[in-house]
Amino acid sequence: MAKKIILDCDPGHDDAIALMLAYANPEIDLVAVTTVAGNQTLTKVTNNARSIATLIGMKDVPIAAGCDRPLVNEINVADEIHGDSGIDGTELPKPEVPLQDIHAVDLIIETIMNSPEKTITLVPTGALTNIAMAARREPKIVDRVKEVVLMGGGYLESNYSAAAEFNIFVDPEAARVVFNAGWKLTMVGLDVTHKALATPDVLEEMEKINTVPSIKVKELMTFFQKMYKESQDFDYPPVHDPVTVAYLIDPSVMEVVKAPIDIELHGELTRGMTVVDFNHIVASDCVTYVGVSLDKQKFWDLVYDALRKIG
Ligand code: BDR
Ligand code: CA
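Numbering of residues begins from 1 in every chain and follows the order in which that chain's sequence is written. Chain A is the first chain written and ligand 1 is the first ligand written, with later ones labelled in order. The predicted nature of this model means local features are confined to residues of pLDDT at least 70 and side-chain atom pairs, given and counted, to a pLDDT of 80 or more, with totals for whole chains, interfaces and linings taken over all residues. Derived side-chain values reflect all non-hydrogen atoms in the structure, with water molecules and hydrogen atoms excluded from consideration.

### Describing the sheet that holds strand S5 (residues 147-151)
The criterion for strand pairing is that DSSP finds at least two bridges linking the strands in question. Helix and strand assignments come from DSSP, with helices taken as H or I runs of at least 4 residues and strands as E runs of at least 2, each series counted from the N terminus. One open sheet accounts for eight strands, arranged S3-S2-S1-S4-S5-S6-S10-S7; its pairing is mixed. Two strands close off the open sheet at either side, each with one partner strand: strand S3 (63-65) and strand S7 (254-258). Pairwise comparison of adjacent strand axes, ignoring direction, gives a mean angle of 25° for this sheet. With seven bridges connecting them, strand S1 (residues 3-9) and strand S2 (residues 28-35) associate as parallel partners. Its bridge partner being in S2, Leu 7 is matched across the sheet by Val 33. The contact criterion used throughout is that any non-hydrogen atoms of two residues lie within 4.5 Å. Here the axes come from fitting lines to C-alpha atoms, over the contacting stretch only for helices, and the angles between their N-to-C directions go from 0 to 180 degrees. Relative to the sheet, helix H1 (residues 13-24) contacts S1 and S2, its axis offset from that of S2 by approximately 150°. Strand contacts of helix H8 (residues 172-179): S5, strand S6 (185-188) and strand S10 (288-294), with the helix running at about 135° to S6, the strand carrying the most contacts.

The following block contains the structure:
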C-alpha cells in the first residue's frame, strides 16, 4: 500500500523536486502539501508550491498555507541560495491550482485526526514551525502519525552558521518541540544530503528526459549551482529535500542509525545545532534516527523516474 504523506515545505528548488517525486511515485500517496515561511516569505513559497502543482498537473492534492514566521526568531529568508522569488532560474506557470481556505496547521491536524491511526507520515522540508504548532494545538496527533521524516540538521556538517543547518536555524524552538515530541522521527541531515549533488551527468539525464518539467528542473538546478558556488563554494549543488521522500519510497536509499537528537537553543555560537548523541545509541526509549549514508544512484534513479512520469 502506498505511504500517505503530508509534505510541509518552503519551495525552494529542492522542495520542488521533493514535491514532484512525492506526486509521481506510486509508493507515495501525497495527501496534502502545506507551506511555511523559510526559503522565502510565506506568500512567495506558497505561490511557488501552486506553480509547481500547476506545472505537473497536480490538481487533486490540497495545498494550504501555514505560519508566516518562526515561533520566536524574526523571519530569515535564503535569497542567497533560492533567489528573490524563492525559486529563481526558470519561468514557472501562473499558480492556477487553488489554495485551500484552511490554515496549514489545521489541515495537518484534521488530516491526521480523520485518518486511521499510524497511517500518515509527516515530511517537513522547511522550518518546523507548522509541525510544532500542530503538535502543541492537538497533542493527540503525536501518537496518531506513523512517523516524521524531515530534512534538517546535520551531525558533522552545517551550512547556515558554523554549527547549524538552515531549516533548524530558522526556527530552533519549533525544532526543539518536534524533535522531543515522542513520535518516531528520522533526521535527513546535511551529512547525507551533501552527497545528493546535481552533477553534470544528472543535468544531462534531465535534458535527455526532455519534458517540460525535466527541462525546467534542469534550469532550476543550473541556477542552484551558481548560487551554491557563490555562497558556499560548492561545485555542484546539494539537492537536499527529496532525499526524505526517496527514503520513504525505498529505505535502502539511506542508511540510518538510532540515536538521541536534541536542539541547541542557548549556545552563543551554536544555536540551532542538532546534537546527535552517538554515545547512547542503545537507549531503549530513543525514537529518533539519523541518516548516515546515501545510495546516490538509487536516489537519482527515483528522481529521473518521477520526471519521466510527470512528463
Ligand atoms: C535546506 O534549506 C533550504 O534552503 C533547502 O530547501 C533545504 O530544505 C537545506 O539546508
Ligand atoms: Ca526546503
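### Topic: the site of ligand 1
Residues are classed as near a molecule or strand on a simple rule: at least one heavy atom within 4 Å of it. For ligand 1, the full set of nearby residues is Asp 14, Asp 15, Asn 39, His 82, Thr 125, Met 151, Asn 159, Glu 165, Phe 166, Asn 167, His 240 and Asp 241. N or O atoms closer than or at 3.5 Å make up a polar contact, with two conditions inside protein: a donor-capable atom paired with an acceptor-capable one, and, for residues adjacent in sequence, both atoms drawn from side chains. One of the side-chain N or O atoms of Asp 14 is found 2.6 Å from an oxygen atom in ligand 1. At 3.0 Å, a side-chain N or O of Asn 167 approaches an oxygen atom of ligand 1. Calculation on ligand 1 without its partners gives an accessible area of 280 Å², and the protein chains cover 98% of this total. The pocket and cavity definitions rest on a 1 Å grid over protein atoms only: a 1.4 Å probe that fits but cannot leave marks a cavity, an open set with protein on both sides within 12 Å along at least five of seven lines marks a pocket, and residues lining either have an atom within 4 Å of a point. A molecule is said to be in a cavity or pocket once over half of its atoms fall within 2 Å of that pocket's grid points. Given that more than half its atoms are within 2 Å of the pocket grid, ligand 1 belongs to the largest cavity. Contributions of two or more residues to the shell around ligand 1 are made by H1 and helix H7 (166-170). All residues other than Ala, Val, Leu, Ile, Met, Phe, Trp, Tyr, Cys, Pro, Asp, Glu, Lys and Arg, Gly among them, are scored as polar; the first ten of these are nonpolar and the last four charged. For the shell around ligand 1, a count of residues per class yields two nonpolar, six polar and four charged. Residue exposure ignores everything except the shown protein chains as possible cover, and the areas themselves are Shrake-Rupley values with a 1.4 Å probe.

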